[in-house]
Amino acid sequence: AGHHVMGQSARTDRARRGDARAACRLGATLQRCAQAREQRHVARDIETAIARRNETPNGAVAMIDRAEGMADKMGAGCDGLVSAQFAQAYQWQKHAAMLDPDLRVAFALSPALERRDFVNQLDLWNDYRSLAMPWLEAAAKEGDAVAVIALARIHGDMRRTSPPLPPFRIEDDERFVT
């Protein structure tokens with residue numbers, strides 16, 4: 001059902017035939033739908049936590065409303081999709097970036113991988129990191145300012161609350177300065 005809902009079947013066929021735009025669109029759509037599902041889980045978790053308390057904390061209902069609103073907005077067109085389809089988002093992103101080097105920095109900045117449950121996707125995270133670093137470094141050498149900023153974050157921003165993109169850090173003062 002999910003294939004038909006989003007016109008995903010035709011896009012999948014085009015992506016398999018080497019259409020980078022179709023692969024990119026598939027990966028982005030599936031990633032967005034997975035994020036919508038995560039927002040629904042966040043809203044449900046907050047509701048569960050509130051239900052265990054004697055009184056509702058100030059702002060809790062607004063937090064639930066925001067999470068549900070975000071899920072509704074992000075989840076447009078996602079009805080009928082299942083977890084197995086969400087799990088393919090990374091592979092479509094990677095496929096698109098392999099086909100079109102202009103998509104590599106975007107892939108490196110926001111992989112469609114589960115950040116809360118990374119242990120179950122450890123092989124994919126290792127695959128991502130093996131691609132992301134060389135692609136960011138190549139783009140930075142070509143003068144891509146976004147890649148330069150991303151590498152500065154990777155090698156020099158060790159704050160616990162540093163920006164989440166890209167989603168990994170390698171402390172290296174020499175590479176940071178370079």
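Since the model is a prediction, treat every value here as computed from it, not as a measurement.

**Let's talk about the overall build of the protein chain**
Step number 1: Along the protein chain, the regular secondary structure elements total 10 helices and zero strands.
Step number 2: Each helix (α) and strand (β) of the protein chain, taken in turn from the N terminus, gives the series α-α-α-α-α-α-α-α-α-α.
Step number 3: Reported as C-alpha extents along the three principal axes, the dimensions of the protein chain are approximately 55 × 45 × 25 Å.
Step number 4: Counting every atom, the protein chain has about 11000 Å² of accessible surface; 51% of that belongs to carbon and sulfur.

**Focus on the nonpolar core**
Step number 1: One finds Tyr90, Phe107, Tyr128 and Leu136 to be the most contacted residues of the largest nonpolar core, which totals 34 residues.
Step number 2: If you list the elements that add at least two residues to this core, you get helix 3 (20–51), helix 6 (89–99), helix 7 (104–109), helix 8 (122–141) and helix 9 (145–156).
Step number 3: No other element matches the nine residues that helix 8 contributes to this core.
Step number 4: Beyond its immediate sequence surroundings of up to four residues, Tyr128 is in contact with Tyr90, Phe107, Ala108, Pro111, Leu113, Pro166, Pro167 and Phe168.
Step number 5: Ranked by size, the runner-up nonpolar core spans six residues in total, among them Ala43, Ile46, Ile50 and Ile64.

**Structural notes on the pattern of salt bridges**
Step number 1: Counting across every chain of the model gives three salt bridges.
Step number 2: With its nearest N and O atoms 3.1 Å apart, the salt bridge here joins Asp127 to Lys94. Taken together, the positions of Asp127 in helix 8 and Lys94 in helix 6 put the pair 33 residues apart, joining distant regions of the chain.
Step number 3: Under the relative-accessibility criterion, Lys94 is labelled buried at 17%.

**Some points on a nonpolar patch on the surface**
Step number 1: Residues Phe118, Val119 and Leu122 make up a contiguous nonpolar surface patch of about 280 Å² in total accessible area.
Step number 2: Within the secondary structure, Leu122 sits in helix 8.

**Notes on the side chain of Gln121**
Step number 1: Mapped onto the fold, Gln121 is located in the loop between helix 7 and helix 8.
Step number 2: A polar contact of 2.7 Å, which involves the side chain of Gln121, links it to the backbone nitrogen of Glu114.
Step number 3: Excluding residues within four positions of it along the chain, Gln121 makes contact with Leu113 and Glu114.

**Quick notes on the confidence of the model for the protein chain**
Step number 1: Residue-level pLDDT values for the protein chain average 84, and 94% of them are 70 or greater.
Step number 2: With pLDDT under 50 throughout, residues 1–6 is counted as low confidence; its partners more than four residues away or in other chains account for 17 contacts.

**Topic: helix 8**
Step number 1: Spanning 20 residues, helix 8 covers 29 Å between terminal C-alpha atoms, matching the ideal 28 Å at 1.5 Å per step.
Step number 2: Trailing helix 8 by a residue or two, Gly143 shows a phi angle of about 95 degrees, which is positive.

Reading the values: rules and limits
- Residues numbered from 1 in each chain as written.
- Predicted model: local features only at pLDDT ≥ 70, side-chain atom pairs only at ≥ 80, totals over all residues.
- Heavy atoms only, no water.
- Helix = DSSP H or I, 4+ residues; strand = E, 2+ residues; numbered from the N terminus.
- Areas by Shrake-Rupley, 256 points an atom, 1.4 Å probe, with all protein chains shown as cover.
- Core = buried A, V, L, I, M, F, W, Y, C linked by side-chain atoms within 4.5 Å.
- Buried < 20%, exposed > 50% of the residue type's maximum accessible area, 1.4 Å probe, protein only.
- Contact = heavy atoms within 4.5 Å.
- Salt bridge = Lys/Arg side-chain N within 4 Å of Asp/Glu carboxyl O.
- Patch = residues over 30% accessible without salt bridge, like charges linked within 9 Å, V, L, I, M, F, W, Y side chains within 5 Å.
- Polar contact = N/O pair within 3.5 Å; in protein donor to acceptor, adjacent residues only side chain to side chain.
- pLDDT = per-residue confidence, 0-100.
- Expected span 1.5 Å × (residues − 1).

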